[in-house]
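Listed below are the residues making up each chain.
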Amino acid sequence: MLNLFRSRIYLAIILMLAVLLLGIFGYWFIADYTLVEAFYMTIITVTTVGYGEIRPLSTEGKIFTAFLIVLSVFIFAFAISVISEYILSRNSLQLLKKKKVKNQIDQLQNHIIVCGFGRNGMQAAERLRAYERPFVIIERDREVIEKHEEEALFVEGDANEDEVLLSAGIERAKYLIAALPDDAVNLFVVLSARQLNKKLFIISRASLATSQKKLKLAGADKVIMPDRIGGDHMASLVVMPDLIDFMDKLSTEGENTTNLEEVAIEDFGDQREGSSLRDLDLRRKTGCTIIGYVEPGGNYIINPEADLKLQSRGKVIVLGRPEQIRKLNEMFHID
């Protein structure tokens, strides 16, 4: 629709320029005005300001002036109507977009809120999109929102304001990622988010080591330092490059596929507490390999034994090719 309005605006501009050129060349030839005089006479004629003629006009000049006035009135009226309609329609479309986004956000449950759409926030959004997890981004830069609004759901505003967090559905959210570049701002976001949702799992970015403890005291469950992770990663590439490359390929392969999956014991519907990893028999059923087990208390067991007993609220970490992971999800109806 906006493209249609733009084409009509272009048409209106072309018609106005055509009227101006017609007036200039008309007075130049008919009234024998100079180009400057013809331009001035055309402007005061089409704008109907009521100034007198530069020099007395002949009968042909008067007829041409009357024709130019009538023509310019219609052309300029058309141009004003088109521009006004475009502005009003643009505002209406923006309101409709905001209402549509609000309705979509209001329907979300157990989603993720990403605060800030900078480098870290963008990477988080890309990974969440690859895992097909519902998320909302809080961003205050209008230009950034307009550039990416077709890719994700955005809430415009400051993430440290309660009203903005509520607009993002924080009361129904399960996770919050504070990815803003300023540690102080992240601290306020964590404090506000924790007050609004006691059960929320909060992950915060930190630039300074001294901010880690403060963010955890404020209510963050996990604090990530991207600079430290980046340095460790680069050093590891020197010491064991092939292993690091292999690890990089485990989490994602291609744009929308994954090689690792975390599955809650409750998702294995036919398994009861007390069964063993051997009873799951995932290797034969799906081709996936269990490489880790997370106990209900949060303790991690790497490469667990086959006889390890399953516990309610526990989780298994499985490794497999994308097609094997998809088979696992389909077999046990895992979202």
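Calculation criteria
- Residues numbered from 1 in each chain as written.
- Predicted model: local features only at pLDDT ≥ 70, side-chain atom pairs only at ≥ 80, totals over all residues.
- Heavy atoms only, no water.
- Phe/Tyr/Trp six-rings, centres within 6.5 Å; stacked < 30°, edge-to-face > 60°.
- Buried < 20%, exposed > 50% of the residue type's maximum accessible area, 1.4 Å probe, protein only.
- Pairing = 2+ DSSP bridges.
- Helix = DSSP H or I, 4+ residues; strand = E, 2+ residues; numbered from the N terminus.
- Axes fitted to C-alpha atoms, helices over the stretch in contact; angles between N-to-C directions.
- Contact = heavy atoms within 4.5 Å.

Student: Just give me the short version of the packing of aromatic side chains, but keep the residues and values in it.
Tutor: Aromatic rings considered in pairs are described by the distance between their centres and by the relative angle of their planes. One pass over the full model with this rule turns up six aromatic pairs. Judged by centre distance (5.9 Å) and plane angle (15 degrees), the ring pair of Tyr-27 and Tyr-33 falls under stacked. For the pair Trp-28 and Phe-29, a centre-to-centre distance of 5.2 Å together with 40 degrees between the ring planes defines the contact as tilted. Taking the relative accessible area as the measure of exposure, Trp-28 reaches 35% and is therefore partly exposed. Taken together through their ring pairs, the aromatic side chains of Phe-25, Trp-28 and Phe-29 make up a single cluster.

Student: Lay out the pairing of strand E8 (residues 289-294) with the relevant residues and their values.
Tutor: One face of the sheet, then the other: side chains in a regular strand alternate in exactly this way. Pairing analysis gives five bridges linking E8 to strand E10 (residues 315-319), with the strands arranged antiparallel. When the bridges of E10 are listed, Thr-289 appears paired with Leu-319. Bridge count between E8 and strand E9 (residues 300-302): three bridges; the pairing is antiparallel. Residue pairing for E9: Gly-292 is matched across the bridge by Ile-302. Hairpin connection between E8 and E9: a loop of five residues separates the two successive antiparallel strands, and Gly-298 in this loop has a positive phi of roughly 100 degrees.

Student: Can you tell me about the sheet that holds strand E6 (residues 222-224), naming the residues and giving the values?
Tutor: Taken in spatial order, the six strands line up as E3-E2-E1-E4-E5-E6 in an open sheet, and their pairing is parallel. Each edge of the open sheet carries a strand with a single partner, namely strand E3 (153-156) and E6. Looking at each pair of strands side by side, their axes are set apart by 20 degrees on average, direction ignored. When strand E1 (residues 112-115) meets strand E4 (residues 175-178), the two strands line up parallel, connected through four bridges. The partner of Ile-112 across the bridge, within E4, is Tyr-175. Here helix H7 (residues 183-196) sits on the sheet and contacts E1, E4 and strand E5 (201-205); the angle it forms with E5, its principal contact strand, is near 175 degrees.

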